[in-house]
There are 2 protein chains.
Amino acid sequence: MQRYFVDPDLFADDEITITGEDVHHIVNVMRAKEGEQILVSDGAGRTSRVRLTQLSSKEVKGQVVEALSEQTELPVRITIGQGLPKGEKMEWILQKGTELGAYSFFPFTSERTIVKLDAKKEAKKLERWRKIIKEAAEQSHRAVLPQLLAPVSFREMLKQPAQYTHCAIAYEKEDGATLHQLLETMKADDSLLILVGPEGGFSAEEVALAQAGGFLPVSLGPRILRTETASQYILSAASYQFEQKRSGCSDAAERKEE
Amino acid sequence: MQRYFVDPDLFADDEITITGEDVHHIVNVMRAKEGEQILVSDGAGRTSRVRLTQLSSKEVKGQVVEALSEQTELPVRITIGQGLPKGEKMEWILQKGTELGAYSFFPFTSERTIVKLDAKKEAKKLERWRKIIKEAAEQSHRAVLPQLLAPVSFREMLKQPAQYTHCAIAYEKEDGATLHQLLETMKADDSLLILVGPEGGFSAEEVALAQAGGFLPVSLGPRILRTETASQYILSAASYQFEQKRSGCSDAAERKEE
């Protein structure tokens, strides 16, 4: 069943009105008819099955048939702090990161950033990127629509730790903490901001600054990952840790205790 | 330091000769000079640091300075059985899968495969895909060069289980086994063939056939992953399980036992 994200203000318990670009998709692309059903999410965790009651080229109305309780969200909120990459890699990172459960994306520029975004270019990019996230969220059955924050400088990023329960920086030369050691300290509803460098990675100075600012340097394993692969590694590992292991090792440890 | 894969026959303990396309890369792209050092791997696990002694447009010779013992390979050998996807997605799957530690790639066609490869197209594609794997392996510091097997039909794929210690099929509707339950049963040197469907996934009949043939249906978590994301989820999870957890949950279980 096709899923659409609507503005939380338009979400209701009984009748839901859809406006904007989704109308075109429902009416002209899907060619939906009265009586057909769609899924409508408010992007903040609520999803309903909705029967279409009225379709026009301006708006679509529907009646809520059932409020769904979906469990498609990671129990921890992971924000990918992404050093802006070249070319179309950011699109890939947003699409795949959304599929893999990212809570939000926070792009930044740092010492080795190559790409330059002026204000006009940035606004256009952000619009395009938000569209990519929305489509990926609909396709992958997300109940939460990941947020894309406006890009900041690395210095600005260093002021963020107070907003999160956990902060980390991916660093290939780090042979101290592993991602596993970090994720093991997290519990449901915790939030993690994890920084991934641009193509050239981070300088040692940047890592030292981040560490002093409360970011834990973590290793993403023995192979060198490209900047557009790192976030997928992190999110897959988090899914494995928090969504796959329920009957896994923590249970095993408990069983040993009995 | 730049890394090159050479034919195992050209790999030696003392002097190494490089021929073919890498000569162009070393001489014209990297503009390397006598006395500079490179890394040379045989693609089967051996890597040496080599000092260049002789450079021409036809071949490059070097003296082995040191045989390295690298640990950049997953302790389990994972073969990604990939339903052939449309467009350039296969290139992405091979590049990312190589970075993330795949041992080999085994493309196949199935009920919902859209792409058609005739013999001529296939040979050209395979050549291009092998080049992508080689470059990704060099860039990500792999010691083993992942193999790309020739595409087969789904029926042919069902005959493969005898070649592997573990076989699985990724199935979104599966709420039985998790990937974690599968990986927990694997130990070092085990081999896994895991099938990922093309864009439309597998039919229920295909999953039943595979299951009857010894493939365990496994779930890749609560979100719907695109075909080009599934292998990255699997390989990241395997890295997390086998490369990150050394001081993790199995130790915790042991500690509880004491």
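Bear in mind that the values here come from a model prediction, so they are computed numbers and not experimental data.

Sheets are built from strands paired through backbone hydrogen bonds, the pairs being either parallel or antiparallel. Residue and element names in this part refer to chain B. Strand order in this open sheet of five strands is S1-S3-S4-S5-S2, and the pairing throughout is mixed. Each of the sheet's edge strands pairs with one partner strand only, and the pair in question is strand S1 (3-5) and strand S2 (15-18). Adjacent strand axes in the sheet meet at a mean angle of 40° when their direction is disregarded. Of the strand pairs in this sheet, S2 and strand S5 (residues 60-68) are connected by four bridges, and their pairing is antiparallel. By the bridge assignment, Thr17 is partnered in S5 with Lys61.

Another aspect to go through is the confidence of the model for chain A. All names here are of chain A. The predicted model of chain A has a mean per-residue pLDDT of 91, with 94% of residues at 70 or higher. Considering only residues more than four positions removed or in separate chains, one finds that residues 247-258, a stretch of pLDDT under 50, has 15 contacts. Predicted complex metrics record ipTM = 0.87 and pTM = 0.88.

What follows deals with the pairing of strand S10 (residues 166-170) of chain B. Side chains on a regular strand alternate between the two faces of the sheet. Residues and elements named next belong to chain B. Of all five residues in S10, four are buried; the element is thus mostly enclosed. Across three bridges, S10 lies against strand S13 (residues 216-219) in parallel orientation. Bridge pairing in S13 places Ala168 opposite Leu216.

The subject of this paragraph is the domain arrangement of chain A. Residue and element names in this part refer to chain A. The domain boundaries assigned to chain A delineate domain 1 (3-68) and domain 2 (77-246). Computed over C-alpha atoms, the centres of domain 1 and domain 2 are 31 Å apart. Listed by partner, the interface residues are eight residues for domain 1 and seven residues for domain 2. Top contributing element to the side of domain 1 that touches domain 2 by residue count: strand S1 (residues 3-5), with three residues. The residue inventory of the side of domain 1 that touches domain 2, partitioned by class, reads three nonpolar, four polar and one charged.

A few words now on the interface of chain B and chain A. Every contact between the two is made by 36 residues of chain B and, on the other side, 37 residues of chain A. Only helix H2 (89-99), helix H5 (179-184), helix H7 (227-244) and helix H8 (249-257) of chain B provide two or more residues apiece to the side of chain B that touches chain A. Examining the composition of the side of chain B that touches chain A, we find that nine residues originate from one element, H7 of chain B, more than from any other. When the residues that make up the side of chain B that touches chain A are grouped by side-chain class, the tally is eleven nonpolar, 15 polar and ten charged.

It is worth spelling out helix H3 (residues 119-139) of chain A at this point. Residue and element names in this part refer to chain A. Between its terminal C-alpha atoms H3 stretches 30 Å, which fits the 30 Å expected from 21 residues at 1.5 Å a residue. On its buried side, H3 packs onto S1, helix H2 (89-99) and strand S8 (147-148). At the exit of H3 stands His141, carrying a positive phi of roughly 65°.

Cut-offs used in this document
- Residues numbered from 1 in each chain as written.
- Chains lettered and ligands numbered in written order.
- Predicted model: local features only at pLDDT ≥ 70, side-chain atom pairs only at ≥ 80, totals over all residues.
- Pairing = 2+ DSSP bridges.
- Helix = DSSP H or I, 4+ residues; strand = E, 2+ residues; numbered from the N terminus.
- Axes fitted to C-alpha atoms, helices over the stretch in contact; angles between N-to-C directions.
- pLDDT = per-residue confidence, 0-100.
- Contact = placed C-beta atoms within 7 Å.
- Buried ≥ 20, exposed ≤ 12 C-beta atoms within 10 Å, placed from the backbone.
- Domains from an automatic or database assignment.
- Nonpolar A, V, L, I, M, F, W, Y, C, P; charged D, E, K, R; others polar.
- Expected span 1.5 Å × (residues − 1).

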